Amino acid sequence: MNICVCIKQVPDTTEIKIDPVKHTLIREGVPSIVNTYDTYALENAARIKDAAPDTKIVVISMGPEQAKNALKECLAIAADKAYLITDRVFGGSDTLATSYILSEAIRYVETQEGKFDMIFCGKQAIDGDTAQVGPEIAEHLDYPQVTYALEAVIDGESLRVTQQGPEEKQVIGVEIPCVVTFTQPPFDVRYPTIRRKMAANKAQIPSVTSAELAGIDVARCGLKGSPTHVKSTFVPVHESKLVLVKEETVEDSAKKLIGLLSDAHVI
Amino acid sequence: MEFKQDDMHAELRNMYHEFAENEVKPIAAEIDKNERFPEENVAKMAEMGLLGIPFPEKYGGTGMDNLSYAQCVEELSKVCASTGVIVSAHTSLCAMPIYLFGTEEQKKKYLVPLTSGEKLGAFGLTEPGAGTDAAGQRTVAVDQGDHWVLNGSKCFITNGGPAEIYVILAMTDKEKGNHGISAFIVEKSFPGFSVGKHEEKMGIRGSATSELIFEDCIVPKENLLGELNQGFKVAMVTLDGGRIGLAAQALGIAEGAIAETVKYVKERKQFGKTLAQFQNTQFELAQMQANTEAAKLLVYQAACAKDAHEPYTQLAAMAKLVAAQNASDVTRRCLQLFGGYGYTREYPIERMMRDAKITEIYEGTSEVQKMVISGAMLK
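Residues numbered from 1 in each chain as written. Chains lettered and ligands numbered in written order. Predicted model: local features only at pLDDT ≥ 70, side-chain atom pairs only at ≥ 80, totals over all residues. Heavy atoms only, no water.

Residue and element names in this part refer to chain B. Contact geometry for helix α3 (residues 66-79) and helix α4 (residues 81-101): axes closest at 6 Å, N-to-C directions at 155°. The pairing of α3 with α4 is recorded here as roughly antiparallel in orientation. The residues of α4 that touch α3, namely those facing Asn66, Tyr69, Val73, Leu76, Ser77 and Val79, are Ala81, Thr83, Gly84, Val87, Ser88, Thr91, Ser92 and Met96. Here the contact of α3 with α4 is composed, by residue class, of 7 nonpolar, 7 polar and no charged. (Axes fitted to C-alpha atoms, helices over the stretch in contact; angles between N-to-C directions. Helix = DSSP H or I, 4+ residues; strand = E, 2+ residues; numbered from the N terminus. Parallel < 35°, antiparallel > 145°, perpendicular 65-115°, else oblique. Contact = heavy atoms within 4.5 Å. Nonpolar A, V, L, I, M, F, W, Y, C, P; charged D, E, K, R; others polar.)

Dropping the structure here:
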C-alpha cells in the first residue's frame with residue numbers, strides 16, 4: 001500500500017494567547033507542533049504498515065520552511081518520505097485554495113513515489129478548526145471520502161473505516177483510492193524511536209514549489225484564490241455574576257427566581 | 001575538558017521528557033505505593049530505544065552517546081527515580097560490561113537482546129558479606145571442564161527478577177583475593193539459578209531489588225566474561241560507568257523536586273502572601289538551583305569524558321558524590337518548604353526524599369567515591 005498523509009504545523013494551542021487589542025494570535029514563544037488530528041492519521045497509516053510492512057508512508061505539508069520540523073517529527077514517528085509544499089504564491093490560502101494546492105501536490109508527489117492508494121488527513125486543524133481541507137482534497141481528486149474516522153483497516157481491495165457518528169459508530173467500506181479524515185482514535189499515537197529520530201534529523205526534505213506543479217493555476221492559489229475573508233476575530237468574553245434571591249417567604253423567593261430565569265431566557 | 005550538546009541531544013531530551021511526563025509521571029506514585037515493577041513502561045522504553053542508548057547500531061543500539069544516556073536517566077528520574085534506575089542498572093551494569101569485555105559471540109547473543117530491550121539486564125556483585133569489599137565474596141565458580149558450576153548468593157540486585165540476563169561476579173581463585181574474581185554471563189533460565197527474597201525498601205520502590213541464589217548453577221564455558229580472574233577489573237570499570245547513570249538519577253531527583261516546589265510555593269499562601277514571596281523561600285530555591293546546576297555540569301562532564309575516551313573515573317566519582325549529596329539535601333529542603341503537606345503522600349516530595357537517599361549508598365557509597373577521588377589525587 002502507498003499512503004499519503006497530509007499534515008499541518010500548528011501552534012500548540014494549549015499554550016496560545018490572543019492579543020486583546022489586535023485580536024491576532026500571539027505566536028512568539030509558542031512552540032509549533034504537528035496538528036494533533038494529523039498525528040491520528042499518521043498513526044493509522046503506521047498501523048496499516050505494521051500489518052503490511054511493505055507499505056510506504058509519504059507525508060506532505062504546505063507551509064513555510066520551518067514546517068520541515070513538523071515533517072521531521074512525522075519521519076521520526078512512522079513516515080518513510082516527506083515533502084514540503086512551499087511557495088510565496090501559496091501564502092494566505094484559505095481552505096479552498098489549500099486543498100487545491102495539496103491535490104495538485106499529491107499528483108506531483110505521485111510522479112516521484114508512485115500512485116497513492118489512500119490520502120489520510122486529520123479531520124481538522126486545531127488552529128483553524130474548519131474541517132474542510134480533507135473533504136475538499138477528495139473533491140479535487142474526485143475520490144470517495146470518509147470523514148471522522150476512528151480507524152481504517154485494509155479489507156482485501158478496499159478500506160474498512162470505523163466512523164464516529166453523532167451518537168454511534170458505523171463501519172463503512174470504501175473503494176481505494178480514497179480520502180479518509182481522522183478524529184481521535186481509541187489508541188495512542190506511538191512515540192518516536194531514538195533511531196528514527198536520528199535518521200529524521202539527517203533527512204533531506206525536498207521543497208516542492210509552484211514551478212514543479214505543472215499546470216497549476218496560480219490564480220486559484222494564495223490570497224487571490226481564496227474567497228474566504230475573515231471579517232474579525234475575537235475572544236469570547238465569559239462573564240459570570242451572582243444574584244442573591246431572598247424574599248420574605250420561600251414561595252416568594254421561588255417566584256422571583258422563576259421570573260429572573262424566565263427573563264434571562266434560561267427557562 | 002570540553003563538553004558540547006548539539007541539536008540532537010536537545011531533541012532527544014525533549015523526547016525523553018515527553019515520555020516521562022506522559023507515561024512515567026502518571027504512575028510514579030502508584031508503583032511506589034504498591035512496590036510494582038512498571039513492566040508496561042519498560043516495554044514502551046524498549047520500543048523507543050531507551051534501553052540501548054550508548055551502544056553502536058551494529059549491536060542493536062541507537063548509536064547515541066553516554067551524554068544522551070545520562071540525560072535520559074535524568075529526565076526519567078525527574079518524575080520517577082525507580083524508572084531511572086531500571087534503565088541505569090540495565091544499561092550501565094549489564095549491557096555495558098558485555099559491550100566492553102564480551103567476545104563477538106557474547107555480544108551477538110546477549111548484547112543485542114539487551115540493547116533492543118527484548119531482555120532486561122542486571123549485575124550481581126554485592127553479597128551479604130561483600131559489597132564495597134569485593135574480595136569478601138563467597139559465591140564461587142568451579143571449573144568442571146566443559147562448564148562452570150556456581151554456588152552462593154547475591155543480594156540487593158537491582159532488576160533482579162524481571163531481568164533475564166545477569167553479569168555475575170564469583171571467586172575462581174580464593175587465594176588471590178581481588179585477583180581471583182571472574183565475571184560470568186548468567187541467564188535466568190540456567191539450571192540452579194533462582195531469584196530469592198524481594199527486598200522491601202524505603203525508596204525506589206518501583207524498581208525490583210532481589211536476592212539471587214546459585215545452587216550448583218551450570219554456566220557454559222563460553223559465558224566467562226573477560227579473562228579468568230580479571231573479574232575485579234570488569235566490576236570496577238563497570239561501576240565507574242554506572243556512576244554516571246546514577247549521578248544522572250540523583251541530578252534528576254533534585255531537579256524534579258525543585259520543579260514541584262517552585263509550583264507549590266507560588267500557590268501556597270500563608271500570612272496573606274504566597275510562600276514564593278518570602279525571602280527564605282527565595283534564598284532556599286536559589287541555593288538549591290545553583291547547587292543542582294553545579295552537579296549537572298559535573299555529571300555531563302563525566303559523560304562527555306567517557307564519550308571522548310578520556311579518563312573519567314575520578315570525574316564520575318565526583319559527579320556521583322556531589323549529585324547524590326545534593327539530591328538528599330535538595331529533597332529535604334524542598335520538603336521543609338512544603339511543610340506538613342510535603343510529609344503526606346498527596347504530594348510527590350516525600351517520595352523524592354525517600355528515593356534520593358539510596359543515591360548516596362548504591363553503586364559505591366559516598367565514602368567510596370571519596371576514596372576513589374582522593375586515591376587519584378594522592379597516587
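What follows continues from the structure just given.
Residue and element names in this part refer to chain A. Side chains of Ile258, Val266 and Ile267 sit close together on the surface and give an oily, nonpolar patch of about 320 Å² of accessible area. Relative to the assigned elements, Ile267 resides in the segment after α6 (250-263). With relative accessibility at 61%, the residue Ile267 sits in the exposed group. (Patch = residues over 30% accessible without salt bridge, like charges linked within 9 Å, V, L, I, M, F, W, Y side chains within 5 Å. Areas by Shrake-Rupley, 256 points an atom, 1.4 Å probe, with all protein chains shown as cover. Salt bridge = Lys/Arg side-chain N within 4 Å of Asp/Glu carboxyl O. Buried < 20%, exposed > 50% of the residue type's maximum accessible area, 1.4 Å probe, protein only.)

What follows is about the environment of Val230 of chain A. Here Val230 of chain A lies in the loop between β13 (207-208) and α6. When the C-alpha positions of Val230 of chain A and Tyr108 of chain A are compared, they lie 31 Å apart, and in sequence the two are 122 residues distant.

Attention now goes to unusual backbone geometry. For the bond running from Ile176 of chain A to Pro177 of chain A, omega is 5°, close enough to zero to count as cis. Residue placement: Pro177 of chain A occurs in the loop between β11 (169-175) and β12 (178-182). Non-glycine residue Asn229 of chain B carries a positive phi angle of around 65°. Structurally, Asn229 of chain B is set in the loop between β8 (224-225) and α6 (231-267). In this model, His309 of chain B sits at a positive phi of 55°, which is unusual for a non-glycine residue. Turning to its location among the elements, His309 of chain B is positioned in the loop between α7 (279-307) and α8 (313-338).

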